[in-house]
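# Fold and contact review
In case you want the letters, here they are:
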Amino acid sequence: MRSSWLSSGASLGTRRLSRRVERYWTDHTVRAKSFQGPEESEAYLEWRFAQYPLFREFSGLWGDHGGEVVVDYGCGPGNDVVGLLLQSGATKVIGMDVSATSLRLAAERVELHDIPASRFELVKISEGSTRLPLANESVDHVNCQGVLHHVSDPARVLGEFARVLRPTGRAVVMVYNRDSIWFHVYTAYIRMIVERAFAGASVEQAFQANTDGAECPISRAYPPAEFLALCRAAGFAATYSGGYFHKKEPVWLREHGEAALASTELAEEHKRFIRELTWDRSDMPLFGGKHCGIGGVYHLRPL
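Attention in this report is confined to the structure presented alongside it. (Residues numbered from 1 in each chain as written. Predicted model: local features only at pLDDT ≥ 70, side-chain atom pairs only at ≥ 80, totals over all residues. Heavy atoms only, no water.)

### Here we look at the environment of E57
Threshold: Numbered from the N terminus, helices here are DSSP runs of H or I no shorter than four residues, and strands are runs of E no shorter than two.
Among the structural elements, E57 can be located in helix 3 (residues 55-59). Taking the C-alpha atoms as reference, E57 lies 32 Å from M192; in sequence the two are 135 residues apart.

### Observations concerning unusual backbone geometry
We count it as follows: The buried label applies to any residue whose accessible area, calculated with a 1.4 Å probe on protein chains only, is under 20% of its type's maximum; exposed applies above 50%, and partly exposed to all values in between.
Geometrically, the link from L61 to W62 is a cis peptide bond, its omega value of 10° lying close to zero. Despite not being glycine, D114 has its phi angle at roughly 55°, a positive value. Within the secondary structure, D114 is located in the loop between helix 5 (100-111) and strand 3 (120-124). For D114, a relative accessible area of 71% puts it in the exposed group. A positive phi angle, near 55°, is found at R196, a position not held by glycine.

### Quick look at the pattern of salt bridges
Note the threshold: The rule for a salt bridge is simple: a side-chain nitrogen of Lys or Arg has to be within 4 Å of a carboxyl oxygen of Asp or Glu.
Taken as a whole, this structure holds 13 salt bridges when the rule is applied. R166 is the salt-bridge partner of D140, the closest N and O atoms lying 2.8 Å from each other. Remark: R166 occurs in strand 5 (residues 165-176) and D140 occurs in strand 4 (residues 139-145); sequence separation between them is 26 residues. By relative accessible area, which is 28% here, R166 ends up partly exposed. Notably, a salt bridge pairs R163 with E160, separated by 2.7 Å at the nearest N-O pair. With R163 and E160 both in helix 6 (residues 154-164), this residue pair falls three residues apart, about one helical turn. Grouping residues by exposure puts R163 and E160 together as buried.

### Concerning the pairing of strand 1 (residues 69-73)
Applicable threshold: Strands are treated as partners if at least two bridges between them are detected by DSSP. Seen with its strands pointing away from the viewer, a crossover is right-handed if its path from the first strand over the helix to the second goes clockwise.
Counting buried residues along strand 1, five of its five residues qualify, which places the element largely inside the surrounding structure. Neither face of strand 1 is exposed, since V69, V71 and Y73 on one face and V70 and D72 on the opposite face are all buried. As paired elements, strand 1 and strand 2 (residues 92-97) share five bridges and run parallel to each other. Each residue of the ladder has a partner; that of Y73, found in strand 2, is M96. Crossover connection from strand 1 via helix 4 (residues 79-87) to parallel strand 2: handedness right-handed. Bridge analysis of strand 1 against strand 4 gives three bridges, and the strand direction is parallel.

### Here's the deal with the sheet that holds strand 7 (residues 278-279)
The strand order across the open sheet formed by three strands is 7-8-9, and the pairing between neighbours is antiparallel. In this open sheet, the two edge strands, each paired with only one partner strand, are strand 7 and strand 9 (290-291). As paired elements, strand 7 and strand 8 (residues 285-287) share two bridges and run antiparallel to each other. Considered in strand 8, the bridge of T278 is made with L286.

### As for the sheet that holds strand 3
This is how it is decided: Orientation is described by lines fitted to C-alpha atoms, with helices fitted over the stretch in contact, and by angles between N-to-C directions that extend from 0 to 180 degrees. Contacts are assigned to residue pairs that have any heavy atoms within 4.5 Å of one another.
Reading across the sheet, the seven strands line up as 3-2-1-4-5-10-6 and stay open at both edges, with mixed pairing between neighbours. Only two strands of the sheet have a single partner each, and these edge strands are strand 3 and strand 6 (236-244). Neighbour-to-neighbour, the strand axes of the sheet open up by a mean angle of 15°, direction not taken into account. Sitting on the sheet, helix 6 touches strand 1, strand 4, strand 5, strand 6 and strand 10 (295-302), and the angle it makes with strand 5 is about 155°.

### Side note on the pairing of strand 3
In terms of strand pairing, strand 2 meets strand 3 through five bridges, oriented parallel. Paired with I94 across the two strands is E121, which belongs to strand 3.

### Structural notes on the packing of aromatic side chains
Selection rule: For Phe, Tyr and Trp, where Trp contributes only its six-membered ring, two rings pair if their centres lie within 6.5 Å, and the inter-plane angle classes them as stacked under 30 degrees, edge-to-face over 60, or tilted in between. As a reminder, the over-ring test applies to NZ of lysine and CZ of arginine, requiring each to be within 6 Å of the ring centre and within 35 degrees of the ring normal.
Taken as a whole and judged by the stated rule, the model has 18 aromatic pairs. Considering the side-chain rings of W182 and Y186, the 5.2 Å spacing of their centres and the 80° angle between planes classify their relative orientation as edge-to-face. Residue W182 and its partner Y186 are both found in helix 7 (residues 181-194); the two are separated by four residues, about one turn of the helix. The buried category is assigned to W182, whose relative accessible area is 13%. Through a chain of ring-to-ring contacts, the aromatic side chains of F49, Y52, F55, W62 and Y244 assemble into a single cluster. Looking at R48, its charged tip hangs above the ring of F49, at a distance of 6.0 Å from the centre. A cation over a ring is seen here: R56 above F49, with NZ or CZ 4.1 Å from the ring centre.

Structure (structure tokens):
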């Protein structure tokens with residue numbers, strides 16, 4: 001009886017967390033910008049790449065998906081749905097999100113571009129659902145940018161990606177990167193020590209509040225080895241491309257790196273990160289031989 005009670009309690013807690021996640025992303029839709037026409041909509045896609053150096057290169061957006069069915073998991077207000085429809089040649093793009101608000105905005109965004117209804121579908125999903133509304137081996141490509149670090153059960157979602165992808169399919173996933181300037185310099189030093197924010201919080205708690213809002217229910221930063229292991233356990237061969245940057249990350253490092261190393265308050269983990277940085281030919285920082293921005297990008301193929 002005790003074991004059953006614990007299991008029921010954990011299930012109830014998970015359901016409550018899932019409801020919190022859905023409510024949060026319904027109320028806090030990412031960059032819900034209005035566009036006056038298709039030209040402004042397309043220009044915004046290029047602007048977004050400019051804000052995140054190496055984003056395009058690491059993610060492979062938009063890629064060549066001619067004749068393919070593509071899922072954009074956690075599509076938000078439709079940036080990647082529109083980009084994939086306009087640029088990739090995909091036969092069909094399926095945008096999925098837990099937020100009805102996001103899906104409404106995505107529909108309005110696609111409508112600007114006069115794209116045939118047969119080429120796209122927007123699907124409301126439940127954060128706590130155990131199964132995506134897709135048949136086994138029915139999808140050629142999954143795009144998932146900046147989503148799995150916010151979900152209650154990322155292993156389950158990865159397992160669903162493995163189920164719905166064809167044996168020749170591929171997925172690209174971005175999750176927040178712990179081996180990043182954002183984590184070790186911006187959060188741990190600038191925000192917590194210089195600005196005295198997040199008093200009494202762990203660095204993980206501070207990071208959660210320092211990404212998508214103080215009330216965001218879940219926001220994880222993954223060491224690459226940990227996320228690679230999660231992908232492999234879900235049935236994927238996975239490779240890590242590196243972390244693309246928010247454009248301010250190199251600035252934060254340049255302006256605060258030396259002071260952070262001299263700080264008596266900064267923990268050794270963060271100092272070690274700074275000490276071990278190297279630079280590529282374009283003077284972009286590397287940690288462990290990989291670019292160390294916030295956007296950790298992983299390329300997956302079914303085993």
